[in-house]
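# Examining the three-dimensional arrangement
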Amino acid sequence: MTYHADEKGYYGEFGGAFIPEMLYPNCEELRQNYLRIMAEPSFQEEFHQLLKDYVGRPTPLYFAKRLSEKYNTKIYLKREDLCHTGAHKVNNTIGQILMAKKLGKHRIIAETGAGQHGVATATVCALMGIECVVYMGEIDIARQAPNVARMKMLGAEVRPAKSGSRTLKDATNEAIRDWINNPVDTHYIIGSVVGPHPYPDMVARFQSVISEEIKAQLLEKEGRENPDYVVACVGGGSNAAGAYYHFLDTPEVGIIAVEAAGKGIHSGESAATSVLGKVGIIHGSKTLLMQTQDGQITEPYSISAGLDYPGVGPLHAHLYTSGRGEFISITDDDAMIAGLGLCQLEGIIPAIESSHALAIFEYRKFNPDDVVVVNLSGRGDKDLQNYIDYFKL
Amino acid sequence: MMNRIKQKLQEDNPPAGRAGKLLSIYFTAGYPQLNDTVQIIQDLEKSGVDFIEVGLPFSDPLADGPTIQESSTAALKNGMHTELLFEQLKDIRKTVSIPLILMGYFNPVLQYGVEKFCQKCQEIGIDGLILPDLPLDVYQEEYESTFKKHGLINIFLITPQTSEERIKAIDEASEGFIYMVSSASTTGAKEGFGEEQAAYFNRIASMNLNNPQIVGFGISSAQTFQQATEKTKGAIIGSAFIKHLTENGVAGINNFINQIR
């Protein structure tokens with residue numbers, strides 16, 4: 001029994017590649033080559049060198065003493081917020097830009113919601129001197145001006161997605177359409193564990209460095225490799241996939257996924273896909289997604305732009321339906337309070353996405369000797385305006 | 001009764017002047033007005049079109065360019081949904097005999113229930129389906145028997161990038177025509193054909209496939225129709241027809257068709 005993808009990219013009934021024929025050659029080229037390229041010593045060497053010298057890995061596994069005292073359990077924070085560009089996203093973009101180079105691609109496209117993945121992609125394209133086009137919903141461009149500016153400074157072209165609801169899912173559609181129109185020279189860097197096979201598996205593997213480090217660091221600090229629980233927020237789910245990766249097939253490690261309940265699960269303004277979603281196809285993958293009875297994909301809501309996606313990666317859909325993962329939804333309000341709590345107890349300003357994961361301690365009791373690792377996926381600089389507005393700072 | 005798509009493809013006495021080249025027209029159900037569906041189908045048949053592809057609108061049509069996207073968004077806004085389309089089409093066979101194909105994305109079909117969807121198509125007299133994001137292997141493993149049980153032909157796409165080996169596999173799995181996408185693009189993205197397309201059309205023609213090919217994407221005029229059908233059995237017009245509907249509503253469908261061939 002494994003919770004990893006099978007050869008065809010399925011996690012249980014989820015995953016696969018539900019793509020029009022126009023995308024088949026692109027995905028097939030990637031599918032046939034990604035494992036071989038990732039296994040090449042020269043690839044591994046360059047990947048790890050960049051993670052170390054450029055991204056700043058390994059990121060610390062920090063024992064949060066005051067937070068632990070407050071909740072009477074042992075809480076460790078995996079500090080992905082300390083990565084270059086401010087979040088875990090760059091682990092994947094470093095991996096994929098090296099993959100694109102090995103495949104001989106000269107042009108990169110990406111989608112972005114809040115702009116974090118767009119910035120991480122623009123960053124590695126600047127690093128490698130490769131042309132970069134980032135699709136971003138027109139509405140997101142208006143509300144995420146600093147990240148748009150960052151991408152431009154890094155030399156990327158930011159193209160507005162003007163179709164549909166003009167947010168992340170539409171930016172993803174536009175990136176896919178670009179790839180259909182440019183099938184030969186372009187590589188599409190998807191930002192999460194979503195999309196057609198092999199993307200969910202490939203992105204999870206690039207992000208798996210998170211759990212690889214957790215094991216080594218925990219051994220040093222606690223004398224054991226396995227925590228009792230790993231907690232992460234899930235939008236598409238790439239930080240979670242990375243944090244869970246090496247524990248997926250270790251049943252004694254509890255996996256906890258925190259989704260965004262928005263203004264409440266049944267408020268009509270939510271992104272709690274595991275509760276509100278049904279099996280369907282989104283962006284080439286069979287997974288749980290929020291949709292109408294007629295199969296039209298609906299627009300989710302969360303105060304956190306990074307959790308504002310109507311689906312989840314197929315791995316997470318499988319963790320949910322199989323019962324391997326414990327899924328909890330946290331509202332905007334609870335997340336904001338947990339975020340402020342971390343500032344005051346530990347001196348760390350978290351991204352609002354990560355604040356959702358931190359809110360778990362108000363809703364779920366852990367034993368005093370449990371070791372709970374929370375993946376602190378990003379820093380809160382990008383969310384300052386949200387915090388200012390919310391707390392009237 | 002023989003499937004109308006197969007029947008049409010086998011006709012050996014095409015009307016004079018058409019040289020046996022078939023014209024298929026795509027439109028989005030529920031556009032420009034919610035209840036235009038039946039009128040458009042009837043007028044297309046009267047205009048002498050050979051196949052009609054009725055588009056089931058989808059919120060996220062990722063293989064489509066702006067024209068068809070916008071028509072889908074408008075159709076959904078007008079209130080179109082799967083059950084309503086079936087309701088609109090329930091008596092269609094009383095007035096038309098043209099081959100009818102439903103084209104859409106897989107998710108709405110999955111939510112309706114594939115078996116139930118196919119059964120409904122059979123009741124109405126739908127002849128085939130085009131579901132671009134239902135991949136060949138999944139179709140063969142999970143749905144082929146259901147489609148066949150209900151007399152539905154599944155039509156697959158090939159593109160200039162499709163490998164020879166895969167084209168052969170698709171030809172093997174096909175039983176009507178092969179939808180030959182003219183260039184690496186979304187719908188309505190490119191106009192006209194160059195040397196690249198000519199080489200592609202020649203390459204496919206020389207493969208002597210079992211199934212005839214009908215070309216789609218990039219056809220908008222008599223000239224492009226002629227170019228597309230030189231080596232193939234026919235061509236499909238979608239975006240250009242949607243533009244005509246946007247500008248004229250359901251009036252003058254006949255004029256649009258007559259200027260193509």
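Anyway, here's the lowdown on the structure attached to this text. (Residues numbered from 1 in each chain as written. Chains lettered and ligands numbered in written order. Predicted model: local features only at pLDDT ≥ 70, side-chain atom pairs only at ≥ 80, totals over all residues. Heavy atoms only, no water.)

All names here are of chain A. Two numbers describe how helix 2 (residues 41-55) lies on helix 4 (residues 89-102): the axes approach to 10 Å, and their chain directions differ by 145°. Handedness of the crossing formed by helix 2 with helix 4: right-handed. Residues Ser-42, Phe-43, Glu-46, Phe-47, Leu-50, Leu-51, Tyr-54 and Val-55 of helix 2 touch helix 4, and the partners they reach there are Val-90, Asn-91, Ile-94, Gly-95, Leu-98, Met-99, Lys-101 and Lys-102. For the contact of helix 2 with helix 4, the residue count by class is 10 nonpolar, 3 polar and 3 charged. (Axes fitted to C-alpha atoms, helices over the stretch in contact; angles between N-to-C directions. Helix = DSSP H or I, 4+ residues; strand = E, 2+ residues; numbered from the N terminus. Left-handed = near helix turned anticlockwise from the far one by under 90°. Contact = heavy atoms within 4.5 Å. Nonpolar A, V, L, I, M, F, W, Y, C, P; charged D, E, K, R; others polar.)

Turning next to the sheet that holds strand 5 (residues 107-112) of chain A. Residue and element names in this part refer to chain A. Spatial strand order, 7-6-5-8: 4 strands in an open sheet with parallel pairing. Two strands close off the open sheet at either side, each with one partner strand: strand 7 (157-161) and strand 8 (186-189). Each strand of the sheet is rotated relative to its neighbour by a mean of 25°, with strand direction disregarded. Where strand 5 and strand 6 (residues 131-137) come together, 6 bridges link them in parallel fashion. Considered in strand 6, the bridge of Glu-111 is made with Tyr-135. (Pairing = 2+ DSSP bridges.)

Pairing between the strands of a sheet is mediated by backbone hydrogen bonds and can be parallel or antiparallel. All names here are of chain A. Taken together, the 6 strands give an open sheet; going across it, the order is 3-4-14-9-10-13, and neighbouring strands pair in mixed fashion. Edge positions in the sheet fall to strand 3 (61-63) and strand 13 (325-331), since each of these pairs with one other strand and no more. On average, each strand axis in the sheet is tilted by 25° relative to the strand beside it, whichever way the strands run. Against the sheet, helix 10 (residues 209-222) engages strand 3, strand 4 (74-79) and strand 14 (371-376), with an angle of about 135° to strand 4. Seen against the sheet, helix 14 (residues 332-346) touches strand 3, strand 4, strand 10 (254-262), strand 13 and strand 14 and runs at an angle of roughly 95° to strand 13.

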